[in-house]
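# Tertiary structure, described
This is what each chain is made of:
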Amino acid sequence: MGPLGLYAAVVLIWGSTWIAIKYQLSVSPELAVAYRFILAAAILMAYCKIRKLPMRYSRRDHMFMALMGGCLFSLNYVMIYMAETWLTSGLLAVVFSAIVIMNMINGAIFFKRRPETRTIIGAIIGLGGICVIFAPDLAGFDLAAGGSIGLIMALVACYVASLGNMASARNQASGIPVMQANAYGMMYGSLMLAVYILVSGQPIVFDTSPSFLIALVYLSVFGSILAFGFYLTLLGRIGPDRAAYSSVMFPVVALAISTFAEGFVWHANIILGVGLTLVGNVVILSRRKAIAKALVIEGNTPLSDPASTGMSAKRNMDLSMRAPAAMVAAVPCKGDAP
């Protein structure tokens, strides 16, 4: 799959996961996420074993894979669920769109990668569009009554996820294939989630209804294994700045689906905001023909939570956090594409 296909798949999958998320609310959010990544890790581990993929890595490599798992598949999820206590899903979408900027900064710090002017301009346009879409949430935000706590927690969760992206970039640079890194990362992340659940004293329950089980499989296979694999592969090809913009596109997909599934009504600010995000998308993902030609020769063709106020907070929360959870810095992918 080329970059365009990877980008489209990531946006569509993570933009539609709220359909499955709503069937997971019969258990606590932390339990739902833990079940999801435990199943995803088990499937990936089994796949790697069946394919006889190399799974022996140094202790240092395991430390970075654990860091990636803790940041991308564990800690940021717990923190965003806690932040949702004080913030609306729309505000969470706005906060996590900032992962685009955080990845630019961290990419410059850890990998000396300077973002292109075109990318910065496109990101500003797209983030402005997200702010316009969720203008009512921004207008009603109150730092008092816990708002400041929720905002700080959401920002910290976003930055934690960005650090996980940097760890993932290091893993790719060290020659660890995306498939194996994700298998170990999800295993470590799910173990950390399990420890958190036990320490917090939450009752462990499991829903055996068909809807819950089908949603669990969808989130594990498509929302976790495929989407994260596609995204990390995409990051290795087009860089964090452009790939990270998909976090701005998730709410657009969610709004489109909500229109048909929930009868969501598009107001003027929604239409204007979506228009701005699409313009930002074109600016970020387009490149000069000379550069494109050079990349084609090298075999890396360049790419030419989110939630509406009509969607429930918990459904959209997973959508908005999915973006930061997959952002990594650009490092040539030396592993197998999932």
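Quick summary incoming for the structure in this document.

Take the overall build of the chain next. Across its full length, the chain holds 16 helices and zero strands. Burial analysis of the chain (338 residues in total) assigns 55% to the buried set. Put simply, the chain shows about 13,900 Å² of open surface, and 70% of that area lies on carbon and sulfur atoms.

It is worth spelling out the packing of helix H1 (residues 3–16) against helix H11 (residues 210–238) at this point. For the pair H1 and H11, the least separation of the axes is 9 Å and the interaxial angle reads 145°. As H1 packs across H11, the resulting crossing turns out to be left-handed. Two secondary-structure elements touch here, H1 through Pro3, Leu6, Tyr7, Ala9, Val10, Ile13, Trp14 and Ser16 and H11 through Tyr218, Phe222, Gly223, Ala227, Phe228, Phe230, Tyr231, Thr233, Leu234, Arg237 and Ile238.

Turning to the side chain of Ser16, a few remarks are in order. Along the chain, Ser16 turns up in helix H1. A distance of 2.8 Å separates a polar side-chain atom of Ser16 from the backbone oxygen of Leu12. Apart from the residues lying within four places of it in its own chain, the contact partners of Ser16 are Tyr218, Val253 and Ile257.

Nonpolar side chains collect at one region of the surface, where Ile101, Ile105, Ile109, Phe110, Tyr159 and Leu163 lie side by side and expose about 520 Å² of accessible area between them. Within the residue set of the nonpolar patch, elements represented by two or more residues are helix H6 (99–111) and helix H9 (147–173). Broken down by element, the residue count for the nonpolar patch peaks at four residues, all from H6. Along the chain, the position of Tyr159 falls in helix H9.

With 22 residues, helix H3 (residues 29–50) extends 32 Å from end C-alpha to end C-alpha; this agrees with the ideal 32 Å at 1.5 Å per step. Following H3 by one or two positions, Lys52 has its phi on the positive side, about 55°.

By the secondary structure assignment, Asp61 is in helix H4 (residues 59–83). Residue contacts for Asp61: discarding those within four places in its chain leaves Arg170, Asn171, Ser174 and Ile176.

What follows covers unusual backbone geometry. Phi at Lys52 is positive, roughly 55°, even though this residue is not glycine. As for its position among the elements, Lys52 is in the loop between H3 and H4. For Lys112, which is not a glycine, the phi torsion comes out positive at approximately 55°. As for its placement among the helices and strands, Lys112 is situated in the loop between H6 and helix H7 (117–133).

This brings us to the environment of Gly126. Among the structural elements, Gly126 can be located in helix H7. Judged by its relative accessible area of 0%, Gly126 is buried. Between the C-alpha atom of Gly126 and that of Val283, which follows or precedes it by 157 residues, the distance is 9.5 Å.

Relative to each other, H7 and helix H14 (residues 268–285) sit at 165°, their axes nearing to 7 Å. Overall, the two elements H7 and H14 adopt an arrangement that is roughly antiparallel. For H7 against H14, the interelement crossing comes out left-handed. In this structure, H7 uses Arg118, Thr119, Gly122, Ala123, Ile125, Gly126, Gly128, Gly129, Ile130, Val132 and Ile133 to contact H14, whose residues at the interface are Asn269, Ile270, Leu272, Gly273, Val274, Leu276, Thr277, Val279, Gly280, Val283 and Ile284. Here the contact of H7 with H14 is composed, by residue class, of 12 nonpolar, nine polar and one charged.

Counted according to the given criterion, the structure contains 11 aromatic pairs. Between Phe37 and Tyr77, the aromatic rings sit 5.4 Å apart at their centres with planes inclined by 75°, giving edge-to-face as the arrangement. Here Phe37, found in helix H3, pairs with Tyr77, found in helix H4; they are 40 residues apart in sequence, far enough to count as distant. On the basis of relative accessible area, Phe37 is assigned to the buried category, the value being 0%. Classification of Tyr77 as buried rests on a relative accessible area of 1%. Their ring planes at 90° and their centres at 6.4 Å tell us that Tyr57 and Tyr184 sit as a pair that is edge-to-face. Of this pair, Tyr57 sits in the loop between H3 and H4 while Tyr184 sits in helix H10 (residues 178–200), and the two are 127 residues apart along the sequence. With respect to burial, Tyr57 and Tyr184 carry one shared label: buried. Pairwise contacts between aromatic rings join Trp14, Phe37, Phe73, Tyr77, Phe228 and Tyr231 into one cluster.

Analysis parameters
- Within each chain, residue numbers correspond to sequence positions counted from 1 in written order.
- Per-residue local features of the predicted model are confined to residues with pLDDT of at least 70, and side-chain atom pairs are confined, for both listing and counting, to 80 or more; whole-chain, interface and lining totals are unaffected and use all residues.
- Side-chain measures were taken over the full set of non-hydrogen atoms in the model, leaving aside hydrogen atoms and water.
- Only runs of H or I of at least four residues qualify as helices and only runs of E of at least two qualify as strands under DSSP, and these elements are numbered from the N terminus.
- Type-normalised accessible area, obtained with a 1.4 Å probe on protein chains alone, sets the label of each residue: buried when under 20%, exposed when over 50%, and partly exposed for intermediate values.
- Using the Shrake-Rupley algorithm and a 1.4 Å probe, accessible areas are obtained, with residue cover drawn only from the displayed protein chains.
- As a rule, the C-alpha atoms of each element are fitted with a line to give its axis, helices using only the stretch in contact, and angles between N-to-C directions run from 0 to 180 degrees.
- By convention the crossing between two helices is left-handed if the near helix lies anticlockwise of the far one by an angle smaller than a right angle, and right-handed if it lies clockwise.
- Throughout, a contact is declared for two residues whenever any of their heavy atoms are within 4.5 Å.
- Side-chain atoms alone can form a polar contact between residues adjacent in sequence; in general such a contact is a pair of N or O atoms within 3.5 Å, and within protein one must be able to donate a hydrogen while the other accepts it.
- Nonpolar side chains (Val, Leu, Ile, Met, Phe, Trp, Tyr) are joined into patches within 5 Å and like charges within 9 Å, using only residues with over 30% relative accessible area and no salt bridge.
- For salt bridges, the criterion is a side-chain nitrogen of Lys or Arg within 4 Å of an Asp or Glu carboxyl oxygen.
- The span expected for a helix works out to 1.5 Å for each residue beyond the first.
- Any angle that falls under 35 degrees is termed roughly parallel, while one over 145 is termed roughly antiparallel, one within 65 to 115 roughly perpendicular, and all others oblique.
- Residues are grouped as follows: nonpolar covers Ala, Val, Leu, Ile, Met, Phe, Trp, Tyr, Cys and Pro; charged covers Asp, Glu, Lys and Arg; every other residue, Gly included, is treated as polar.
- We call Phe, Tyr and Trp rings a pair once their centres come within 6.5 Å, taking the six-membered ring for Trp, and we label the pair stacked below 30 degrees between planes, edge-to-face above 60, and tilted otherwise.

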